[in-house]
Amino acid sequence: MGNDKKPGRVKSALLNWLGVPIGLTSGSFWQEWIGQSVSGKTVSVDAALQLSTVWACVRLLSETVSTLPLKLYRRQPDGSRALAREHPLYRVLCVRPNAEMTPGRFMLMIVASLALRGNAFIEKKFVGSRVVALVPLLPQLMTVKRLDNGRLEYTYTESGATRKLSEKEVMHIRGFGLDGVCGIMPLQAGREVMGAAMSADEAAARVFANGLQASGVLTHEAGALKPEQREELRRNMATFAGSKNAGKLMVLEAGLKYQGITMNPEAAQMLETRAFQIEEICRWFRVPPFMVGHTDKQSSWASSVEAQNMHFLTNTLRPLLDNIEQEFIRCLIGDAEADTIYAEFAVEGLLRADTAGRRELYASALQNGWMNRSQVAALENQPPIPGGDIYTVQSNLIALDQLGRQPSDADAARAALRAWLAQPEQRRTGTGD
């Protein structure tokens, strides 16, 4: 490298990357600039988000989780649970994580970070020993290092300032990974799939931009054309290219003949390739293709809305939600209160579309005594039912506290009276046989 100015320009360009000073050894640049795929496309987070399937998958995961209520519960001595409204973390988790975010916006950013970069970092703000706010950090600006003492150290670089954070100050939610320190970046592991999809999208766009679907040839029987004649022909043909010029009538002179080299996108398997890329990308995000608008006989397999929601909840959301809930317990609640305090997402809302299924659930719960009518009304956003706090079972739907109780003399008298009234008229009057 004989020119000393060129390294300086490269260094200046790197230092101005997104306004964040970086170095070739810091890793911040390479975390965002994932690399070039075999297809020739350079894959980055911003470039991958331009793929409609990536955009739809990330939005589906983040927006769905952000709409699920997250509550802080306390286990009661009798085995039940109650909202831990008096706990200091209740307001932070359930009302306002920080001064700028609602719980929905906070969770949306966390899940989007996990989906795109495999990690989510949250800084804990303290007043004394009490957590008063949770501030999400950008994963691409974070570097994780294991110290000689075995602890993890987090280095966050933003706007030219570098801060070192300890494990106590950071809640680190990891996606799927192999080393236990950081989650694997999905876009980096799936670079070839994303690059192929980007190439297929670009090829399709160029086909439609060309207007004629493919280039053609002009034949001239009089021999070779002069360079200026070729250039003039190109300029004239440019007026017929592009989708806005589709359908125009061409006029050829001097014995020229146009022969189009057409390409049928479906015959060239372009449409099939793009459809396959949708399914490939959905595999990386573990999202059913029908939930991002890719419906065909193979992907839209579920027979009802409930079956589709259960498939999505069980195989996609449940592992993600469990991971986040456990990190809340590990990083916020701690071992001292882990047996009594816990955070949990309410996923019942995903199944509310199936009225028949809810009706069967409530009927079973009431007949077997593990829910009462007031609880059912609360789940349906209805006011409490007078007297609905009593638990009943299927055996004549009597109260639970009456099961196994010896009948009193009054109860025996009433039972005898009911039995006598149930007898035929002849037996009650003594006129029968």
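Residues numbered from 1 in each chain as written. Predicted model: local features only at pLDDT ≥ 70, side-chain atom pairs only at ≥ 80, totals over all residues. Heavy atoms only, no water.

### Here we look at the overall build of the protein chain
Let me state the cut-off plainly: Starting at the N terminus, helices and strands are each numbered in turn, a helix being any DSSP run of H or I of at least four residues and a strand any DSSP run of E of at least two. Should any heavy atoms of two residues lie within 4.5 Å, those residues are counted as being in contact.
On a plain count of helices and strands, the protein chain comes out with 15 helices and 13 strands. Excluding contacts between residues fewer than 6 apart, the proportion of contacts in the protein chain whose partners are at least 24 apart in sequence is 58%.

### Considering the confidence of the model for the protein chain
Put simply, the test is: The predictor attaches a confidence to each residue, called pLDDT, with possible values from 0 through 100.
Residues of the protein chain with pLDDT of at least 70 account for 66%, and the chain-wide mean is 77. Contacts of residues 1-32 to residues separated by more than four positions or lying in other chains number 32 contacts, the stretch itself having pLDDT below 50.

### With respect to a nonpolar patch on the surface
Here is the rule: Note that patches include only residues with greater than 30% relative accessible area and no salt bridge, and the join distances are 9 Å for like charges and 5 Å for nonpolar side chains (Val, Leu, Ile, Met, Phe, Trp, Tyr). In this description, accessible areas are obtained by the Shrake-Rupley approach with a 1.4 Å probe, and a residue is regarded as covered only by the protein chains that are shown. Every case where a carboxyl oxygen of Asp or Glu lies within 4 Å of a side-chain nitrogen of Lys or Arg is listed as a salt bridge. Here the term buried applies to any residue with accessible area under 20% of the maximum for its type, exposed to any over 50%, and partly exposed to those in between, with areas from a 1.4 Å probe on protein chains only.
A cluster of nonpolar side chains, Phe-176, Leu-178 and Ile-184, forms an exposed patch at the surface whose accessible area comes to about 370 Å². You can see Ile-184 is positioned in the loop between β10 (170-174) and α7 (186-189). The exposure class assigned to Ile-184 is partly exposed, which follows from its relative accessible area of 33%.

### What about the packing of aromatic side chains?
Selection criterion: A pair of aromatic rings is counted whenever rings of Phe, Tyr or Trp (Trp by its six-membered ring) have centres within 6.5 Å, and the orientation is called stacked for planes under 30 degrees apart, edge-to-face for over 60 and tilted otherwise. A ring is considered to have a charge above it if a Lys NZ or an Arg CZ atom is located within 6 Å of its centre and within 35 degrees of its normal.
Inspection of the entire model under this criterion finds two aromatic pairs. One cation-aromatic arrangement involves Arg-81 over Tyr-73; the distance from NZ or CZ to the ring centre is 3.8 Å. Over the ring of Phe-126 we find Lys-168; its NZ or CZ atom is 5.8 Å from the centre of that ring.

### As for the sheet that holds strand β4 (residues 81-83)
Defined as follows: For two strands to pair, DSSP has to find at least two bridges joining them. A fitted line through C-alpha atoms serves as each axis, taken over the contacting stretch for helices, and the angle formed by two N-to-C directions is quoted from 0 to 180°.
Strand order in the open sheet formed by three strands is β4-β3-β13, and the pairing between neighbours is antiparallel. Strand pairing shows two members of the sheet lacking a second neighbour, β4 and β13 (341-345), which therefore form its edges. Across the sheet, the axes of successive neighbouring strands diverge by a mean angle of 40°, strand direction being ignored. Sheet analysis places strand β3 (residues 70-75) next to β4, joined by three bridges and oriented antiparallel. Directly across from Tyr-73, in β4, lies its bridge partner Leu-83.

### Focus on the environment of Gly-387
Looking at the secondary structure, you find Gly-387 in the loop between α13 (373-379) and α14 (409-421). On the basis of relative accessibility, which here comes to 61%, the residue Gly-387 falls in the exposed class.

### Thoughts on helix α4 (residues 52-67)
To keep it simple, the criterion reads: Between the first and last residue of a helix there are one fewer steps than residues, each counted as 1.5 Å, and that sum is the expected span.
With 16 residues, α4 ought to run about 22 Å at 1.5 Å a step, and its terminal C-alpha atoms sit 22 Å apart, in line with that. Within the span of α4, buried status applies to Thr-53, Val-54, Cys-57, Val-58, Leu-60, Leu-61, Ser-62, Thr-64, Val-65 and Ser-66.

### Thoughts on the nonpolar core
Heads up, the condition is: To define a nonpolar core, start from buried Ala, Val, Leu, Ile, Met, Phe, Trp, Tyr and Cys residues and group those joined through side-chain atoms within 4.5 Å.
Counting residues in hydrophobic clusters, the biggest one holds 60 residues, and the most contacted among them are Val-54, Leu-72, Met-107, Phe-285, Ile-324 and Phe-328. Residue contributions to this core peak at 10 residues, all from helix α11 (residues 305-333). Those residues in contact with Ile-324, other than ones at most four positions away along the chain, are Met-107, Val-111, Leu-114, Ile-173 and Phe-345. Among the nonpolar cores identified, the runner-up in size contains 10 residues, and Phe-121, Leu-141, Leu-165 and Val-181 belong to it.

### Looking at the sheet that holds strand β5 (residues 119-127)
Strand order in the open sheet formed by three strands is β6-β5-β10, and the pairing between neighbours is antiparallel. At either margin of the open sheet sits one strand with a lone partner, and together these are β6 (130-137) and β10. The sheet shows a mean angle of 25° between the axes of neighbouring strands, direction not considered. Bridge analysis of β5 against β6 gives seven bridges, and the strand direction is antiparallel. Paired with Phe-121 across the strands is Leu-137, a residue of β6. Where helix α6 (residues 103-117) meets the sheet, its contacts fall on β5, β6 and β10, and the angle it forms with β5 comes to roughly 145°.

### Observations concerning the pairing of β10
A large share of β10 lies buried, amounting to five of its five residues. Every second residue of β10 is oriented toward a common face, with Val-170, His-172 and Arg-174 on one face and Met-171 and Ile-173 on the other, all of them buried. Taken together, the five bridges between β5 and β10 define a ladder with antiparallel strand orientation. Paired with Asn-119 across the bridge in β10 is Arg-174.

### Focus on the side chain of Lys-124
This is how the line gets drawn: We score Asp and Glu as negative and Lys and Arg as positive, and we do not count His or the chain ends. As used in this structure description, the phrase polar contact means that two N or O atoms lie within 3.5 Å; if the pair is within protein, one of them must be able to donate a hydrogen and the other to accept it, and residues adjacent in sequence are counted only when both atoms belong to side chains.
Mapped onto the elements of the fold, Lys-124 is located in strand β5. Glu-327 provides the closest opposite charge to the buried, unpaired Lys-124, separated from it by 9.0 Å. Of the polar contacts made by the side chain of Lys-124, one reaches the backbone oxygen of Lys-168; its length is 2.9 Å. Separated by 2.8 Å, the side chain of Lys-124 and the backbone oxygen of Cys-331 make a polar contact. If we ignore the near neighbours within four places in the chain, the residues touching Lys-124 are Val-131, Ala-133, Leu-134, Glu-167, Lys-168, Glu-169, Val-170, Met-171, Cys-331 and Leu-332.

### Thoughts on the environment of Val-170
Looking at the element boundaries, Val-170 is found in strand β10. In the structure, Val-170 is positioned 33 residues away from Leu-137 in sequence and 9.4 Å away in space, judged by C-alpha atoms.

### A short note on the packing of α4 against α6
Under the convention used in this document: Comment on the angle field: the value is read as roughly parallel under 35 degrees, roughly antiparallel over 145, roughly perpendicular from 65 to 115, and oblique elsewhere. The handedness criterion is simple: a crossing whose near helix is rotated anticlockwise from the far helix by less than a right angle is left-handed, and one whose near helix is rotated clockwise is right-handed. For this scheme, ten residues count as nonpolar: Ala, Val, Leu, Ile, Met, Phe, Trp, Tyr, Cys and Pro. Four count as charged, namely Asp, Glu, Lys and Arg, and the remainder, Gly too, count as polar.
The contact between α4 and α6 brings their axes to 8 Å, and the two run at 140°. The angle between the axes of α4 and α6 places the two elements in the oblique class. Considering how the two elements wind past one another, α4 and α6 form a crossing that is right-handed. Only Gly-104, Met-107, Leu-108, Val-111, Ala-112, Ala-115 and Leu-116 of α6 make contact with α4, whose side of the interface consists of Val-54, Val-58, Leu-61, Ser-62, Glu-63, Val-65 and Ser-66. Along the lines of polarity and charge, the residues of the contact of α4 with α6 split into 10 nonpolar, three polar and one charged.

### Let's talk about the state of the cysteines
Put simply, the test is: Defined by distance alone, a disulfide is two cysteine sulfur atoms within 2.5 Å.
Counting across every chain of the model gives zero disulfides. Of all cysteine sulfurs in the structure, the one in Cys-282 sits closest to Cys-57, which takes part in no disulfide; the separation is 4.0 Å.

### With respect to the side chain of Thr-392
Tracing the backbone shows Thr-392 in the loop between α13 and α14. A residue is classified by how much of its surface remains accessible, and Thr-392, at 8% relative accessible area, is buried. At 3.3 Å, the side chain of Thr-392 forms a polar contact with the side chain of Arg-373.

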